[in-house]
Amino acid sequence: IVASHSGEAIEKARLRADAEAKRRMEEEQKRFEREISQARDIQMSLVPSQPLTMGAWEVHGRVIPARQVGGDYFDYFELDASRFGITIADVSGKGVGAALLMANIQASLRTRLAMGQDLAALATEIDGDIEHRTDDDPDQLPLRLLQLVVEPAQRPTPRATVVVLHEVGGDA
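What you see is a predicted model, and the numbers here were worked out from it, not measured in a lab.

A count of helical and extended segments in the protein chain gives three helices and six strands. Taken across its 172 residues, the protein chain has 31% of its residues classed as buried. Sequence-distant contacts, at least 24 apart, represent 60% of the contacts inside the protein chain between residues at least 6 apart. Accessible area for the protein chain stands at about 11200 Å²; split by element, carbon and sulfur atoms hold 54% of it.

This is the structure in structure tokens:
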């Protein structure tokens, strides 16, 4: 009788422990999903949501990550009254690591542009920043960054100049 009751008590305790562990895992999964959803919202707020219009030109863009977050990035911005810039970048790989590196690049670009830095110099400095931060990382994610300067008022046709096409890390 004692063995029977002890076995039942042990089984009930094991079932309670299993149920509690499952509940904790489900709560953790829900928390993770909320955080990733919030990260996606933040990442989407880093790219332009409205078109840029200059003269007869209107620039639109959209990012659709393969996962909730990713390493794709674009931006467009007025450089002065007669020129605008376009940046298109991709961190190879998907997910949170690529998204974090891309957010870092976006912040560097925007800060340096606000300071009036030349695009070519800007690309060189961002390259140095990224290499400095990832030197010790053998799994460094390759980055491709394209920057354009568009001068819509140029006659007879508008002029778009590639400022830099750059790859950091990986095999080119």
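Looking now at helix α2 (residues 96-114). Helix length check: α2, at 19 residues, gives a terminal C-alpha distance of 27 Å against a target of 27 Å (1.5 Å per residue), a fit within 8%. For α2, the set of buried residues is A98, A99, L101, M102, I105, Q106, S108, L109, R112 and L113. Of the residues one or two after α2, G116 is the one with positive phi, at around 80°.

We now examine the nonpolar core. Within the largest apolar cluster, 28 residues are counted, with the highest numbers of intra-cluster contacts made by F84, I86, V91, M102, I105 and L143. When contributions to this core are tallied by element, the ones reaching two or more residues are β1 (52-54), β3 (70-80), β4 (83-94), α2, α3 (119-134) and β5 (143-151). Among all residues touching M102, those that are not within four sequence positions of it are G71, D72, Y73, A89, D90, V91 and L143.

Bridge count for β3 against β4 is nine bridges, and the pairing is antiparallel. Following the sheet pairing, G70 is matched in β4 by K94. Hairpin connection, β3 to β4: the antiparallel pair is bridged by two residues. By the bridge criterion, eight bridges tie β4 to β5 in an arrangement that is antiparallel. From the neighbouring strand, F84 faces β5, where its bridge partner is V150.

Once that is clear, we can look at the environment of N104. By the secondary structure assignment, N104 is in helix α2. Separated by 25 residues in the primary sequence, N104 and D129 place their C-alpha atoms 9.6 Å from one another.

Let's shift gears to the environment of L148. Along the chain, the position of L148 falls in strand β5. Measuring from C-alpha to C-alpha, the distance between L148 and T87 comes to 6.5 Å, with 61 residues separating the pair along the chain.

This part takes up the pattern of salt bridges. With the rule as written, the count across this model stands at 10 salt bridges. Its salt-bridge partner being R31, residue E28 comes within 2.2 Å of it at the nearest N-O pair. Here E28 and its partner R31 are both found in helix α1 (residues 2-45), three residues apart, which amounts to about one turn of the helix. A relative accessible area of 41% places E28 in the partly exposed class. Owing to a relative accessible area of 33%, R31 belongs among the partly exposed residues under this scheme. If you follow the salt bridges from partner to partner, you end up with E20, R23, R24 and E27 in one network.

About the thresholds
Residues numbered from 1 in each chain as written. Predicted model: local features only at pLDDT ≥ 70, side-chain atom pairs only at ≥ 80, totals over all residues. Heavy atoms only, no water. Helix = DSSP H or I, 4+ residues; strand = E, 2+ residues; numbered from the N terminus. Buried < 20%, exposed > 50% of the residue type's maximum accessible area, 1.4 Å probe, protein only. Contact = heavy atoms within 4.5 Å. Areas by Shrake-Rupley, 256 points an atom, 1.4 Å probe, with all protein chains shown as cover. Expected span 1.5 Å × (residues − 1). Core = buried A, V, L, I, M, F, W, Y, C linked by side-chain atoms within 4.5 Å. Pairing = 2+ DSSP bridges. Salt bridge = Lys/Arg side-chain N within 4 Å of Asp/Glu carboxyl O.

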